[in-house]
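Close look at the chain arrangement
What follows is the residue order along each chain.
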Amino acid sequence: MGLFDRLRGRGAGGGRGRDRRGTLDRASGSADLAHLEQFVASRRGVEGYVEPRTAVTETTILLVAADGEWTRRRIDGPEVARRLSRDLAVPVYDAQVTGYPQRMRDWSARQKGDRLQ
């Protein structure tokens, strides 16, 4: 199957069954969910930011802790991200509407600075 066939959803199976709008990314899995649960359990003040599906990536959720540390994982759609956030008692926002918190950018800048030293 060629790249353009995959993007058009003309891969194996001819578009039957699962939504075949292709992305270049893999689907989420149990390891992704386990990582998100562990991140929330081991940090304080975590918030979630749902990022929409694109031609390149599946829907993702970005979790940001109170100190700005963050992690991003694939999720099976915005409704799953919201359900997970509810189950973990974490507020969730639409990243396209709210943007990302400054503390996340500050944390990333500090990490980059630490690597250069």
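Refer to the structure above for everything that follows.
Described in the following lines is the structure provided in the data block. All figures in this text were calculated on a predicted structure; none of them were measured in a lab.

Okay, the nonpolar core next. Ranked by size, the top nonpolar core spans twelve residues in total: Leu36, Phe39, Val40, Val46, Val50, Ile61, Leu63, Ala65, Ile75, Ala81, Leu84 and Val90. Among the secondary structure elements, those contributing two or more residues to this core are α2 (30-42), β2 (60-64) and α3 (78-87). What Ala65 contacts, discounting residues up to four positions off in sequence, is Phe39, Arg43, Arg44, Gly45, Val46 and Arg103. Ranked by size, the runner-up nonpolar core spans five residues in total, among them Leu62, Val64, Ala95 and Met104.

Turning to the pairing of strand β3 (residues 70-74), a few remarks are in order. Relative to β3, β2 is paired through five bridges, and the arrangement is antiparallel. Of the residues in β3, the one forming a bridge with Thr60 is Arg74. Hairpin remark: β2 followed by β3, antiparallel, with five residues in the connecting loop; positive phi at Gly68, about 100°.

Reading guide: rules and limits
Throughout this description, residue numbers start from 1 for each chain and increase along the sequence as written. Note on the predicted model: pLDDT of at least 70 is required for a residue's local features to be given, and 80 or more for side-chain atom pairs to be given and counted; whole-chain, interface and lining totals, by contrast, use all residues. Excluding hydrogens and water, the side-chain values take into account all heavy atoms of the structure. In this text, buried Ala, Val, Leu, Ile, Met, Phe, Trp, Tyr and Cys residues form a nonpolar core when linked through side-chain atoms within 4.5 Å. With a 1.4 Å probe rolled over the protein chains alone, any residue whose accessible area is under 20% of its type maximum counts as buried; one over 50% counts as exposed, and the rest are partly exposed. Every helix listed is a DSSP run of H or I at least four residues long, and every strand listed is a run of E at least two residues long, numbered separately from the N terminus. In what follows, residue pairs with any heavy atoms lying within 4.5 Å of each other are defined as contacts. Pairing between strands requires that DSSP locate at least two bridges from one strand to the other.

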